[in-house]
Amino acid sequence: QHKDAYQVILDGVKGGAKEKRLAAQFIPKFFKHFPELADSAINAQLDLCEDEDVSIRRQAIKELPQFATGDNLPRVADILTQLLQSDDSAEFNLVNNALLSIFKMDAKGTLGGLFSQILQGEDIVRERAIKFLSTKLKTLPEEVMTKEVEEFILTESKKVLEDVTGEEFVLFMKILSGLKSLQTVSGRQQLVELVAEQADLEQTFNPSDTDCVDRLLQCTRQAVPLFSKNVHSTKFVTYFCEHVLPNLSSLTTLVEGLDIQLEVLKLLAEMSSFCGDMEKLESNLKKLFDKLLEYMPLPPEEAENGENAGNEEPKLQFSYVECLLYSFHQLGRKLPDFLTAKLNAEKLKDFKIRLQYFARGLQVYIRQLRLALQGKTGEALKTEENKIKVVALKITNNINVLIKDLFHIPPSYKSTVTLSWKPVQKADTSQKRASEDTTSSSPPKKASAGPKRDARQIYNPPSGKYSSNLGSFSYEQRGGFRGGRGRGWGGRGNRSRGRIY
């Protein structure tokens, strides 16, 4: 008798609006009493979830968690995941809330439904399911996000990472790096290995292939925050020295307004602090040194009257030199006799001349910047022009400190500087005072041999040199790499389409 009555309620989904509204409430309410009609009941509720009347759809979606019992839960999770494609904001929020409520009943079962759609569902569903995980997982309490659940997320994520776009990769790194079990040293090491796999560091580097370049930079940008004194960047630093630096001038990118060469050098500088023991250290240090020389010009030739024979002074690329000098300084610590024992005397003399010339130009620029910023505080320092000058002063001070170290006999690698684009530390004011004291003088007198000339004749500071290259570029603003399938960062292979409830 009761079974027949329940069947009448199920048949209500074929009736008018009033019958459907009643069915949307009563089908879930009595669902648990009729296990033999479970399939029919779920299918009837699904029909209501797709009704033309938005109020009926919302009512039906709201009640879906009541069907999430036992073996039905993964199926309900799968259905709710597909419903994430809704463009009605109230409906979309209901789906989110329903997913979160079944998460608390059975996290693993819910994840099973989400990941099955990420792996096999339509693009819009996949995209929204990944977004759901990246925004909602961190809001769940610890009793829901157990170690077992986190392991399941890692295992399933690895399957997805076999075929992702650039944007999806960034989101998955956000998901995984937020897991408590991966906050440990071994956890971070696992994440670095995952990123290295995505970056495909075994491949031949092609500087003219924008996908290859962007992929490497996107992956490296994800790896940088994971490095520490216990989690080394050696594999990435080696790849950059061996494959990227020699091709620096040929790098191409589709990202408008990005100085791709500077971006590469910034990443290398950030990673160099955490490089472990490197197999081909001397050879890689030589590549770094050669690249540094390209940006450290020799003084212009002098005519007999003591004036410059050339019309123009060489341009001093401070931002590039800061990165290269910092990286050389960091790796040089591992081979402190590189400049004295590994270079011939002529080469070392040439390097000292370049350093000295650069340092003298630097002094002029530092003085001008300090003069321009003198007495400015608070709001005055927040103008775009002054922000640029503040960063320019950091860059020039950093270079100055590093050059002084290399002028020591033998060269020293003891000074520490904070890269100019890194966040300002609270203790910065005292450090700044100290650095101003130590950086205002010229390099040691021993290095100042040669004809004395007025520094202002030697070097004419560039204008606006820093304006477009100060900020750290965020790759999350980029579109995905859905071009050719390539190495898994292009469009994904064909997957099944349509409703697969």
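Residues numbered from 1 in each chain as written. Predicted model: local features only at pLDDT ≥ 70, side-chain atom pairs only at ≥ 80, totals over all residues. Heavy atoms only, no water.

Chemist: Give me the lowdown on the overall build of the protein chain, citing residues and values where you can.
Modeler: Across its full length, the protein chain carries 21 helices and zero strands. Sorting the 501 residues of the protein chain into buried and exposed places 49% on the buried side. The long-range fraction of contacts in the protein chain, counting pairs at least 24 apart against all pairs at least 6 apart in sequence, stands at 75%. In the form shown here, the protein chain has an accessible surface area of approximately 24,500 Å², with 49% of it arising from carbon and sulfur atoms. (Helix = DSSP H or I, 4+ residues; strand = E, 2+ residues; numbered from the N terminus. Buried < 20%, exposed > 50% of the residue type's maximum accessible area, 1.4 Å probe, protein only. Contact = heavy atoms within 4.5 Å. Areas by Shrake-Rupley, 256 points an atom, 1.4 Å probe, with all protein chains shown as cover.)

Chemist: So what's going on with the packing of helix α11 (residues 185-199) against helix α12 (residues 210-223)? Which residues, and what values?
Modeler: At a minimum axis separation of 9 Å, α11 and α12 run at an interaxial angle of 175°. Between α11 and α12, the interaxial angle falls into the category roughly antiparallel. When α11 is examined against α12, the residues V195, Q198 and A199 are found in contact with a partner set consisting of R215, L216, C219 and A223. Split by residue class, the contact of α11 with α12 holds five nonpolar, one polar and one charged. (Axes fitted to C-alpha atoms, helices over the stretch in contact; angles between N-to-C directions. Parallel < 35°, antiparallel > 145°, perpendicular 65-115°, else oblique. Nonpolar A, V, L, I, M, F, W, Y, C, P; charged D, E, K, R; others polar.)

Chemist: How would you sum up the pattern of salt bridges? Please name residues and give values.
Modeler: Tallying each qualifying case throughout the model produces 19 salt bridges. The shortest N-O distance in the salt bridge between R221 and E263 comes to 2.7 Å. Here R221 is found in helix α12, whereas its partner E263 is found in helix α14 (residues 260-272), with 42 residues between them in sequence. Both residues of the pair, R221 and E263, count as buried. (Salt bridge = Lys/Arg side-chain N within 4 Å of Asp/Glu carboxyl O.)

Chemist: Explain the packing of helix α7 (residues 107-120) against helix α9 (residues 147-160) to me, using residue names and the numbers behind them.
Modeler: Contact geometry of α7 with α9 gives a least axis separation of 10 Å together with a crossing angle of 5°. Taken together, the axes of α7 and α9 lie roughly parallel to each other. From α7, A107, K108, L111, G112, F115, I118 and L119 reach across to α9, where they touch E148, V149, F152, I153, E156, S157, K159 and V160. Of the residues belonging to the contact of α7 with α9, the class tally is nine nonpolar, two polar and four charged.

Chemist: Summarise the environment of L335; cite the residues concerned and give the values.
Modeler: One can find L335 in the loop between α16 (318-332) and α17 (338-342). Each residue touching L335, except ones within four places of it in the same chain, is listed here: L281, E282, L285 and K342.

Chemist: Give a detailed account of helix α18 (residues 345-373), specifying residues and quantitative values.
Modeler: The end-to-end C-alpha distance of α18, which contains 29 residues, comes to 41 Å, matching closely the 42 Å that a straight helix rising 1.5 Å per residue would cover. G375 sits one or two positions beyond α18 and adopts a positive phi of about 75°. (Expected span 1.5 Å × (residues − 1).)

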